[in-house]
Amino acid sequence: MLEGVLLLGHGSRRPEANQEILQIAELVQARGGDAVYQTGFLQFGTPTLSGAVAKLARAGVRKITVVPLLLVVGTHIQDDLPRLIQEQKRLYPDITFFLAPHLGADPRIAEIVLERMTQGCEIKI
């Protein structure tokens, strides 16, 4: 069965912010397995979740794992994402959907924060 991974960012009106999500997706794909990778956005970016699922379906994917690239549990994780995935399940009943956990309070995030603390620069007014 062909598997797909949908790396889902929040999305921003600023194209450079969405570009960072695409860069993260490239890093994940370079280290990931043989799945078909697709990036999508909840808001303010394209493709949307439904557009990304449509691309994966056209590629013949029959299992999609949605990975939310979000740090904290909020309305998108608790309400919007399960609802949106259910809508896609109704549209694509032959595809099995999995929802991976959001990034959250993972110890590896703390390591990144500690590293970033040493990289700060003074703000001058």
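Refer to the structure printed above.
Because the structure is predicted, anything quoted here is derived from the model rather than measured.

(A) Structural context of the packing of helix 2 (residues 49-58) against helix 3 (residues 75-91). With their axes 10 Å apart at the nearest point, helix 2 and helix 3 run at an angle of 40 degrees to one another. Here helix 2 lies oblique to helix 3, going by the angle between them. Judged by the twist between their axes, the crossing of helix 2 over helix 3 is right-handed. Residues Leu49, Ser50 and Val53 of helix 2 form the contact with helix 3, whose participating residues are Leu81, Leu84 and Gln88.

(B) Focus on the sheet that holds strand 2 (residues 36-41). As summarised here, the arrangement of the four strands in space is 2-1-3-4, forming an open sheet in which the pairing is parallel. With one partner strand each, in any of the chains shown, strand 2 and strand 4 (96-99) form the two edges of the open sheet. Across this sheet, the average inter-strand angle for adjacent strands is 25 degrees, counted without regard to direction. Relative to strand 3 (residues 63-68), strand 1 (residues 3-9) runs parallel, the two being bridged by six bridges. In the strand pairing of strand 3, Gly4 is matched with Ile64.

(C) Region of interest: the nonpolar core. Within the largest apolar cluster, 17 residues are counted, with the highest numbers of intra-cluster contacts made by Leu6, Ile64, Val66 and Leu81. Mapped onto this core, the elements with two or more residues apiece are strand 1, helix 2, strand 3 and helix 3. The leading source of residues in this core is helix 2, at five residues. Those residues in contact with Leu81 that lie beyond four places of it in its chain are Leu8, Leu42, Leu49, Val66, Pro68, His76 and Leu99. Listed in part, the seven residues of the second largest apolar core include Val5, Leu7, Ala25 and Phe41.

Cut-offs applied
- Chains are numbered independently. Their residues run from 1 in the order of the written sequence.
- Reporting in this predicted model follows two pLDDT cut-offs: at least 70 for local features of residues, and 80 or more for side-chain atom pairs to be given and counted; totals over whole chains, interfaces and linings ignore these cut-offs and use all residues.
- Hydrogen atoms and water are omitted, and side-chain values are computed over all heavy atoms in the structure.
- Only the stretch in contact is used when fitting a helix axis, every axis being a line fitted to C-alpha atoms; angles between N-to-C directions are given from 0 to 180 degrees.
- Secondary structure elements follow DSSP: runs of H or I of four or more residues count as helices, runs of E of two or more count as strands, with numbering from the N terminus.
- Roughly parallel here means an angle under 35 degrees, roughly antiparallel means over 145, roughly perpendicular means 65 to 115, and every remaining angle is called oblique.
- Crossing handedness is defined as follows: a turn of the near helix away from the far one that is anticlockwise and smaller than a right angle gives a left-handed crossing, while the clockwise case is right-handed.
- Every residue pair with non-hydrogen atoms within 4.5 Å of one another is taken to be in contact.
- At least two bridges found by DSSP between two strands is the condition for calling them paired.
- By nonpolar core we mean a set of buried residues, namely Ala, Val, Leu, Ile, Met, Phe, Trp, Tyr and Cys, connected to one another through side-chain atoms within 4.5 Å.
- When a residue's accessible area, from a 1.4 Å probe over protein chains only, is under 20% of the maximum for its type it is buried; when over 50% it is exposed; and in between it is partly exposed.

Distances and angles like these do not, on their own, reveal function.
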